[in-house]
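Below, each chain spelled out in residue letters.
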Amino acid sequence: VQLQASGGGFVQSGDSLRLSCAASGRTSSNYAMGWFRQAPGKEREFLATINWSGGRTDYADSVKGRFTISRDNARNTVYLRMNRLKPEDTAVYYCAARLRAGLGSPYEADYNYWGHGTQVTVSS
């Protein structure tokens, strides 16, 4: 499975962005998806996860209420809508796939495939 994240950019504090993660390759298996981010000098952190059907989502407390994860299985694409962006949201954002797993996970080790990341920069 190959994952391609896109949609990052340079925005002002308070703006919104929608990231996309397109999956290709062996996408016939059920897979849960997650979004993570890594800021300069910090470890990668969990943001959000969604199960295969899209009926269950979980979020990190730091983004709950501002970020929304969703998916369109017909397009093999997962989205991360980010509202009210803050300078501390500046990071490289990664999507990840957890194959043969109906449920998502907040743990990096549970994911089998990772995209290359897309940069989000929020200015104050």
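Residues numbered from 1 in each chain as written. Predicted model: local features only at pLDDT ≥ 70, side-chain atom pairs only at ≥ 80, totals over all residues. Heavy atoms only, no water.

### Regarding the pairing of strand S3 (residues 17-24)
The following threshold applies: Between any two strands, pairing holds if DSSP finds at least two bridges. Under the scheme used here, helices are H or I runs from DSSP no shorter than 4 residues and strands are E runs no shorter than 2 residues, and both carry numbers assigned from the N terminus.
As paired strands, strand S1 (residues 2-6) and S3 are joined by 5 bridges and run antiparallel to one another. Along S3, the bridge assignment pairs Gln 4 with Ala 22. Alignment of S3 against strand S8 (residues 77-82), held across 6 bridges, turns out to be antiparallel. In the strand pairing of S8, Cys 21 is matched with Val 78.

### Considering the packing of aromatic side chains
Applicable threshold: Here is the rule: rings of Phe, Tyr and Trp (six-membered ring for Trp) pair when centre to centre is within 6.5 Å. Planes less than 30 degrees apart are stacked, more than 60 are edge-to-face, and the remainder are tilted. Using a 1.4 Å probe on the protein chains alone, a residue whose accessible area is under 20% of its type maximum counts as buried, one over 50% counts as exposed, and one in between counts as partly exposed.
With the rule as written, the count across this model stands at 5 aromatic pairs. Residues Phe 36 and Phe 46 carry aromatic rings whose centres are separated by 5.7 Å and whose planes lie at 70° to one another, so their mutual orientation is edge-to-face. One end of the pair, Phe 36, is in strand S4 (residues 31-38); the other, Phe 46, is in strand S5 (residues 45-50), and 10 residues separate them in sequence. Judged on exposure class, the residue Phe 36 and its partner Phe 46 are both buried. Considering the side-chain rings of Phe 36 and Trp 114, the 5.0 Å spacing of their centres and the 55° angle between planes classify their relative orientation as tilted.

### Considering the state of the cysteines
Keep this limit in mind: For this text, the term disulfide refers to a pair of cysteine sulfurs within 2.5 Å.
Using the criterion set out here, one finds 1 disulfide in the structure. Through a disulfide, Cys 21 is tied to Cys 95; the S-S separation comes to 2.1 Å. Between Cys 21 and Cys 95, the S-S dihedral sits near 65°, and the bridge is therefore right-handed. In this pair, Cys 21 sits in strand S3 while Cys 95 sits in strand S9 (residues 91-99), placing the two residues 74 residues apart along the sequence. Accessibility expressed as a relative area gives 1% for Cys 21, which makes it buried. Given a relative accessible area of 0%, Cys 95 falls into the buried group.

### Here we look at unusual backbone geometry
Notably, Asn 76 is not glycine yet its phi reads approximately 50°, a positive angle. Residue position: Asn 76 is located in the loop between strand S7 (67-72) and S8.

### Describing the sheet that holds S1
Stated formally: As a rule, the C-alpha atoms of each element are fitted with a line to give its axis, helices using only the stretch in contact, and angles between N-to-C directions run from 0 to 180 degrees.
Overall, antiparallel pairing links the 4 strands, which are arranged S1-S3-S8-S7 in an open sheet. In this open sheet, the two strands that pair with only one neighbour each are S1 and S7. Taken pair by pair, the neighbouring strands of this sheet meet at an average axis angle of 15°, ignoring direction.

### Here's the deal with the side chain of Thr 90
We apply this condition: A 3.5 Å cut-off defines polar contacts: any pair of N or O atoms within that distance qualifies, except that in protein one atom must be a possible hydrogen donor and the other a possible acceptor, and neighbouring residues in sequence count only when both atoms are side-chain atoms. In what follows, a contact means two residues having at least one pair of non-hydrogen atoms within 4.5 Å.
One can find Thr 90 in the loop between S8 and S9. Looking at Thr 90, its side chain comes within polar contact range of the main-chain oxygen of Pro 87, at 2.9 Å. Looking at Thr 90, its side chain comes within polar contact range of the main-chain nitrogen of Val 122, at 2.9 Å. With near-sequence residues (within four places) excluded, Thr 90 lies in contact with Ala 39, Pro 40, Gln 119, Val 120, Thr 121 and Val 122.

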